[in-house]
Amino acid sequence: MENAESVAAPSESPRERGHNPLIREAIAHVIARRREQLPRMEAKLEAWRILDRRLEDLEIALDDMLLHPSTPVELRGAVNDFRHRELRHRVAECVSKLAVVRGRMSRSTVNIGVSGQARVGKSTLLQSIAGLGEEQIPTGEGIPVTAVRSRIFHSTTHARATVTLHTYASFRRDVLAPYHRELGLSEPADSLDAFRRATGILPDETLAKLAPSQRTLAKRLRDMVRALPSYEGLLVGGEREIPLAELRSYVAYPSKEQEDENVVARPYLAVRDVRIECAFPRVDVDGLALIDLPGLGELAAGAEEHHVHGLRHEVDVVLLVKRPVEGMAYWSEADGKAVDLLDRARGAIRRRWDFVFLVSNQGGAKASLVDAMLGSIRRDVNEGQDGLHYQVLGCDAKDPRSVYEDLLAPVLEHLANRLAAMDAEVLVDAIEQTRTARDQVRLGIDDLMAAVREHAPEMQAASEELWSRVSRIQKDLAVDLGDLVSDLLRDARVSTEDTRFVAAVTQAYGRAKTCVDEGFGMGKDAWIEEVLRTMRRDKNSTPVAARELNRARVYISEQFCEIDRYFDDRVNELWNRIAQITGKHFGGLFAGASGVSALKLMAKLLDEASEPCPVLSTAVQNLLRLEIRYRSHLHPRVRRCLDTLNLEVKDPETGELRTQVTVETSQQGAEMLQKRISQLVQQAAWQSRKALLEDANTAALVLHAAAEQFEDSFIRSGDSEREFLRLGRSYRDEIWPGVFSGLDAKNARIAKVRKECKSVLGALFAMESDEAA
Amino acid sequence: MGSDHTAYLMTAGLSSDDYRFLGRAPKEAFWRRYADYTSFERPSAVVFCKDGAFRAYLSGIASARKDRTKTPLRYTLVMEGQARTPAAESLLFALAAFVGDLVHVKPGPLSPASLGEALDKTFPEEFVEAALSHLRDTDSKDTGPLAEVESRIEKAIAALPRDTHAADCHVRFFCGGRASESARATLVGYAERLLIDGEAGTILIVNLASREHLELMGGTEPSCGVLFAGESGEEAHSDPLEWPPKKGFPGSPKGLPRAFALREVQAEPGLSIPHLGRIILRALRSVRDFFLGRRPANS
Amino acid sequence: MSDEGNIEFKVAILGPRRVGKTSLITALLSESQKLLAGTPVSIASVGTTEARIAQHKNDLRGSLLAGEFHPGALGGTQAPFTFTLSMSVNKTAIVWAILDYPGGWLDARTRGSENDAEWERCKRWISESPVLLLPVDASVLMEATLKREKITAQHLLQIGQTEEMAREWAKGRAVAKQPGLVVIAPVKCESYFNDNGGLVDKNEELYRRVVQAYKPVIDAVRQEMSGTTGLSIQYHPVDTFGCVELQSAEWRAPDGSSEQAPLLFSATYIVRPPGQPNPKGAGGILVSICRQIVEAQSGKGRGFLSELWAWLTGGKRRLRQAVEDLSAVPLGNRVRML
C-alpha cells in the first residue's frame, strides 16, 4: 500500500505551509457552535416527526368518520376543507428542512465540494489538494473516469480508504432504479437471483430503437448486468478498508482498453461511498474535507437530483471548476444549468458568492482563452461586474502550490469569515418555515375541531350529562365536607377534653417525672457521684448546676415532643375522614386506596389528568402538608414554664439575676444539688403539663382550620367548578364506569377524531412550549 | 363483750377525708369539754369513772396507714362499760399501751406505736376502706363490715401486752409530764383504781394545757389524774396535788388566761416533802393491803 | 364580753377540711405582731391557743427542715377549737376569738350525730360573728386543669356547703341589721405571687379563678344582705408559709372509682431556701376588721360593733388608738374589694 506521505507533493515545513491561525480558530469555532445547536435541532426534528405521525393518525380517524353514513354533510365538508390545506405536505417540508439543518449541524468537518463538467481537471485539483495520486483519484484523458465520488478528509492520524458497499437492495434502489425509470422500463428485479437471470434485458434490436442518449444509458445498464459476476460478491453492504494503492478499481470506470474487453470487471458498481483519510499537504485546518461531486452533465440517471441532495446535505461551499481550453472557454448552457442546480442546493444561504466559487483551472492554458472565459463569465454570469454573483479564482490544478495559494487559502479565509453567517441563515430560514407551517396546522385543526363541535350534537348531550353528574358530586361533597367541618368546629369550640391528648401529655409528664426520680437517667447515686467529681474539678458548683439544668430543660422538651405522635394520629384521622368522603363520591377513581394513600393518589390523578386540575390538586396537597408539631404549635406557650430551669433567674422584685442553686463542694452539697434540681425539674414538668392541658384544644383548632381551608379551596374557590368538570372529563369512565359507554358507541368515530385533534394540538403545544423555553 | 359495754373506733382513710366513727358513734361527745386543752388530733385521753361505769376516749393513736396526701392517719378509740368487768380490764390494757406510747411522741407527724400497730393489725387498710365506703354509701350503722368493728377492737386489745407498768397511786389528785416514767406509771396505777377497783375519778391526757389550766380542767372533779402530753411536755414530774388550787393561782378562772411559758425541763425529782409523803403513803397502803390480803397492784 | 377589761370579738371561719386554717391563724398572728411592733399594744395567743400554735409551728418547722413540705402532714382538725388572740394594752384587751371546727362538719353526712350539739354551738357562733373568714386552698384551684380536676376542686372547696352557711350568716346579719365583713382568703398563695420570693406571677389568674369559684357564695351573701348597709366582701390572698412553693400536684382517680367520682388531690411543695416561714397577706385581715370597727362608730345601731366602739371610747384610749391606727394601714395591692 502506498501511504499518503509517498503520494504527497514534496513536503514543506509546517511553518511555511501554516497559514493564518485565526482562520483555523474561526473554523474550529464554527464547528463547535454547530455541535451546540445539534440537540435542539434533533428535538425539533423529532417534534415534527411526531406531529406528522399525529396528523397521520388523524387522517385515519377522518377516513373512518367519513365512512360512517351518519356523519353529517357539514362535517364532511369541513374534512374536505381540512384536507385541502395539505398540512402533511407542509409538515413533510419542515421535516426535510430540519433534516438538512440537522445534517449541517451534525457535521464535524468543513466540507468543500468540488464540481465541474467532465475533463475540467477536477480530479487533478483534488489530487493537488489532498496530495493523492492516480490510484486514489484517477484522472483520465478524454473520457470520464470518476465512477464513485470520494470524500477526502484531512487527517494527520490516518492514511486509509474506507469503502461502503451496496447491498442488492440499495444497489437496486440507488443504481438500477434510476436507469429503469429513465428508460421507461418496469421495476428492476427484486432479488439478486432474478437480476442475475435478467441477462436478456435490452437486446441489441431494442437498443437500436432508442434515442441516442437513452441508448447510452441502456448500454450501461446492459453492461451492469453483464458485469455482475465481477461485483456480485461485493454486494454485501457494510464497510471495507481498502489499501490506498488498490483503490482505483473501486472508484474508476474501466479504461478504454478494459472496456474493449468482452467482459469487464466493474467493482465500482458495488461501491456506495468512498472515504479517504490522509494528510493534506500545506493545510492546517482541522476537520477539512473535500467532497468529490460527480461530474455535472454526466449522463448518469438521477445524477442531478442526487447532486442537489448531496450538495445540500454535505457541503459548505462548492468549487465549480472550469477550464479555459478550446471549445470550453466560455459560459455554456451546461454551465448555466450547473449554477441553477447549485442555486437550488444553496437553499437558505442568501448570497450566491457565499456558497459557490468559480475556479478557472488555467494552468497551461492560452492566455487568450483565459481572458475569453473570464470575459464570458463577467458578461454572462456576473452581469458585467466581476464578483457580483460569483467570485472567480484562477489556479493551476496541477501545481499544488498554486492550488493552495490561489484557491484553497482564499476559500478557507472566506469560510472563516462567512460560515457562521451562512449557518445562521440556514437556521433562521428553517425556523421561520416551521413556524409558518405550525400556524397553518393549528388553524386547520382549530377549524376542524370547531366543525366537529358544531356538527356533532350527540357529544354535546354526553357532555351535558357529564356536567350534571359532576356538579352533583361537587354538591354532595360540599354537604359531606361541610358536615365534617361542623363536627370539627364543635370539637374545637366545645371544650370536650380529648382523652388521647390528655393521655399523651400525661405520659410525657410521667416520663419526665420518672427521669427525675431515676436520677436523670443515670441513677441517683451515680448522678451525685458524677456531679461531685465535676464540682471538685471545677472547684465550684455553678458550672455543673447550669449544665444539669440545661440538660433537664432539653430533656423535658423532648419528652413533650413525643406528643407529636398523638398529633400525627389526629392528622391521619382527618385525612382518613376526608379520603373516605372523597372516595365515596368519586366512585372507582381511588379504588383500592384509602386514607393518606388515597389522598396522595388523588393529588397525582389531579395533576396527571388529561385536563389538569391545579387548584384541586393544590388543595389536596396542602391538606397533605398539614402537620401539627409540638415545637411549633405548643412549645412557645410551654417555654416560659421551663424558664425556671435556668441557673440564673431574674428576681422579679429587684430585677437582678440570682443564682437558684449554689451548694458547697461536698457529698452533702451534691446531694442537696440533686434534690434541688429534682425539685425544680419536677416543678417545671408539672407546669408544662398544666400549660399544655390548658391548651388541650390546639389540635382540634388546627384540624378544623385545615379542614375548612380544604373545603374552601376544594369546593368554593372560583376555579373549583371548572376543575371538577375537567376532572370528570379526564376520569369519566373510572368515576362512572359504563355510564358513558352507550353514548360513546354512537360517537366513537367522532370521539376518535376529537381525540386525534387533541393529540395534534398536544404536539403543537409541546412545540410551542419548547420554543418558549 | 356483752351488751353492757360498747367500743367505738374513729378513723379516716382514702375513701374519706373526714374522721368518722366506723359504724355507731357514742351518744355524747363527752370529751368535747376538754377541746380547749388538747388537740384531739394528737394523743389525748379522757376517762370518766362514776357510779361503777366508765367512759373512755383515747385519740391521736397513729396508724401506719396514710391518706391520699400521704398524711399518717389516726385512730380514736371510745369505750363505755362497767368498771370491774373484763371490758374495764381491756380498757386498762389499752390505756397502759397508750400511755407507754407517749414516750415516743415527737413534734411533726405522728408515728405508729404499740396501740396503733395493734389496731392496724385488726383494721387493715382494705377493711377500713370497705367500712368507710359502706358508711358513705348506706345509712346503716351496723351492717356489712361495720358489724365487725367491735370484735376487731377487742381482738386488737387482746393482742396488747398484759404488763401495764403500773405504779401504786394512792392520791386523789395527781398530775405529771409524759416524759416522766414515774408519772406514766402512776397514771396507769390510778387508772387501775378506777377501772379495776371501781373508784370514781377522771383521767385526762392533754397536749395543750399546762399546770395553769389544772383547776379549769379538773377543779370540779372529786378525783383526777392529769398527764401533760404536749410535744414540749418532756417536763418530767409526778406530783400529788393540793386540790383545788388556791384562789388567784395562775390559771384561776377569775384571771385572764395567761400566755404560758413552758417550764425548763426538770430532772426526775429527788427527795422533797411531797415525795417523802408519797413514799410514806405508799408504805402505809402496802401494810394495809397486806392485812387485807390484797396483792400489790404492781406485782 | 369579759366583765373585766376584755371584750371578745368573734370571728367565724367557713373553711373546708385541710385548707390550712391553723396556718392561716398562725400567719395572722405573726403578721399582726409585726403590724403592732413598736406600739404599746401587743397581740398574743392566749390560753391553749399558744400551745396549739406552738404545736403547729413545731410541725411546720420539722417539715421545713427536711427541705420538703407536705401540708397534709399538719393533719386535719378533729374537734372544734377556739383560737384566741388577745390584742391588749395594760389590762384591757380585745380578744379575737376564732372558732375552728372540722371542715367535714359543714356536711351533715360526714359530721356524725355525736357532733350535732356541738355543731349547733358552732352555728350560733358563726351567726354572731361580724366577720366571716373563707379560706380557700389556692393550689386546689390553680392546679386543676382538666374538667374532672376542676369538678373535684369545687368538691374539695365545699363550695355548696360554704354557700349554704354563708347564706345563713348573711341572713342573720340582715335580720339584725348588722354590717358584715366577708374575707375570701386564698391560702398557700406563695406559688402564685412573685412579690415574696417567687418567680412566677399568676395573681390575676388566681383572682379570676377564686372569684369564678366563689361566685355562688358571693351572690348568696349579696342577695341576703341586699337591704343592709355595711356589707364588705374582700379578697385577701395569703402566703401562709411564704417559703414554700408548689412543686407538683397529683390528681389521681381512686382505685376502682367510676368516671364521675371526684379525684384525689395531693400536692408536693418545694421549700425555698433558707426555709424560714415568711407569711404575707394575713395582716390585711386584721386591718380590714379594724376598719369595720371604726366604720361602725358612725352607725346608730345597737349591735355588737357599736357596743364595741362605745366600750373602746369609754376610757380605752390607747386600745382605741391602736384600732384606729390599724384601720389606717394601707391594704397593699394584693387585696381587692369584691
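Residues numbered from 1 in each chain as written. Chains lettered and ligands numbered in written order. Predicted model: local features only at pLDDT ≥ 70, side-chain atom pairs only at ≥ 80, totals over all residues. Heavy atoms only, no water.

J.: Quick question: what am I supposed to make of the overall build of chain A here?
T.: A count of helical and extended segments in chain A gives 31 helices and 11 strands. Within chain A, buried positions represent 49% of all 773 residues. A fraction of 80% describes how many contacts in chain A between residues 6 or more apart in sequence connect residues 24 or more apart. If you sum the accessible surface of chain A, you get close to 36500 Å²; carbon and sulfur atoms cover 49% of it. (Helix = DSSP H or I, 4+ residues; strand = E, 2+ residues; numbered from the N terminus. Buried < 20%, exposed > 50% of the residue type's maximum accessible area, 1.4 Å probe, protein only. Contact = heavy atoms within 4.5 Å. Areas by Shrake-Rupley, 256 points an atom, 1.4 Å probe, with all protein chains shown as cover.)

J.: Can you help me understand unusual backbone geometry in this one?
T.: Glycine aside, negative phi is the norm for most residues, and most peptide bonds take the trans geometry. Phi at A:Glu86 is positive, roughly 50 degrees, even though this residue is not glycine. Judged by its relative accessible area of 48%, A:Glu86 falls in the partly exposed class. In this structure, C:Lys188 takes a positive phi of about 60 degrees despite not being glycine. Take C:Lys188: it is sitting in the loop between strand S7 (180-187) and helix H8 (203-213).

J.: Looking at this structure, how should I read the packing of helix H24 (residues 595-608) of chain A against helix H25 (residues 614-624) of chain A?
T.: In a pair of packed helices, the angle between the axes and the distance between the axes together describe the arrangement. All names here are of chain A. Between H24 and H25, the least distance of the axes is 8 Å, while the angle of their chain directions is 150 degrees. It follows from the interaxial angle that H24 and H25 lie roughly antiparallel. When the axes of H24 and H25 are compared, the crossing they make is left-handed. Here Val596, Leu599, Lys600, Met602, Ala603, Leu606 and Asp607 of H24 lie close against H25, whose contacting residues are Leu616, Ser617, Val620, Gln621, Leu623 and Leu624. Of the residues assigned to the contact of H24 with H25, the class counts are nine nonpolar, two polar and two charged. (Axes fitted to C-alpha atoms, helices over the stretch in contact; angles between N-to-C directions. Parallel < 35°, antiparallel > 145°, perpendicular 65-115°, else oblique. Left-handed = near helix turned anticlockwise from the far one by under 90°. Nonpolar A, V, L, I, M, F, W, Y, C, P; charged D, E, K, R; others polar.)

J.: Please clarify how the interface of chain C and chain B should be interpreted in this entry.
T.: Interfaces are often described in size by the accessible area the parts lose on coming together. In this complex, chain C contributes 35 residues to the contact, which on the side of chain B involves 43 residues. Summed over both sides, the interface of chain C with chain B buries roughly 3300 Å², with 47% coming from carbon and sulfur. On the chain C side of the interface with chain B, the three residues burying the most area are C:Gln55, C:Gln78 and C:Glu114, jointly 22% of the side's total. Across the contact surface, chain C and chain B share two salt bridges. B:Glu41 is the partner of C:Arg52 in a salt bridge, and the nearest nitrogen-oxygen pair spans 2.8 Å. (Buried area = accessible area lost by both parts, 1.4 Å probe. Salt bridge = Lys/Arg side-chain N within 4 Å of Asp/Glu carboxyl O.)

J.: Please clarify how the side chain of A:Ser678 should be interpreted in this entry.
T.: Residue and element names in this part refer to chain A. With respect to the helices and strands, the residue Ser678 is situated in helix H27 (residues 667-694). Overall, Ser678 belongs to the buried group, its relative accessible area being 10%. With residues near it in sequence (within four places) discarded, Ser678 still touches Val516 and Phe520.

J.: What should I look at first to understand empty space enclosed by the protein in this one?
T.: To find leftover empty space, a probe the size of one water molecule is rolled over the atoms. All names here are of chain C. Applying the stated criterion across every chain, the model contains five cavities of 30 Å³ or more. Empty space within the largest cavity amounts to approximately 70 Å³. In this structure, the largest cavity is lined by Val11, Leu28, Ser32, Ile43, Leu85, Trp96, Ile98, Leu133, Ile285, Leu286 and Ile289. Looking at the lining of the largest cavity, the elements with two or more residues in it are helix H1 (21-36), strand S5 (92-100) and helix H10 (283-296). (1 Å grid on protein atoms, 1.4 Å probe; cavity = no way out; pocket = protein on both sides within 12 Å on 5 of 7 lines; lining within 4 Å. Points joined across faces, edges and corners; volume = space filled by probe spheres on them.)

J.: Is there a simple way to think about the interface of chain C and chain A in this case?
T.: Counting from both sides, the interface comprises 29 residues of chain C and, opposite them, 24 residues of chain A. Surface buried jointly by chain C and chain A totals about 2000 Å² across both partners, of which 46% is contributed by carbon and sulfur atoms. Considering only the side of chain C, the residues that lose the most area to chain A are C:Leu146, C:Leu199 and C:Gln247, jointly responsible for 29% of the buried surface there. At the boundary of chain C with chain A, the tally comes to three salt bridges. Here A:Arg689 and C:Glu149 are joined by a salt bridge, their closest N and O atoms 2.6 Å apart. Between the two partners, chain C and chain A, sit 10 residue pairs in polar contact (both at pLDDT 80 or more). Take the side of chain C that touches chain A: its biggest share by element is seven residues, from strand S9 (residues 244-252) of chain C. Looking at side-chain class alone, the side of chain C that touches chain A contains 11 nonpolar, eight polar and 10 charged residues. (Polar contact = N/O pair within 3.5 Å; in protein donor to acceptor, adjacent residues only side chain to side chain.)

J.: Hey, could you run me through the pattern of salt bridges in this one?
T.: Considering all chains together, one arrives at 87 salt bridges over all chains under this definition. Its salt-bridge partner being A:Arg533, residue A:Glu529 comes within 3.3 Å of it at the nearest N-O pair. Pair noted here: A:Glu529 and A:Arg533 are both in helix H21 (residues 524-538), with a separation of four residues, about one helical turn. Taking the shortest distance from any N to any O, the salt bridge between C:Lys10 and C:Glu128 comes out at 2.4 Å. Separated by 118 residues along the polypeptide, C:Lys10 in strand S1 (residues 6-13) and C:Glu128 in helix H4 (residues 116-128) bring together distant segments of the chain. Taken together, the salt bridges that share partners define one network made up of A:Arg34, A:Arg104, A:Arg107, A:Asp316 and A:Asp423.

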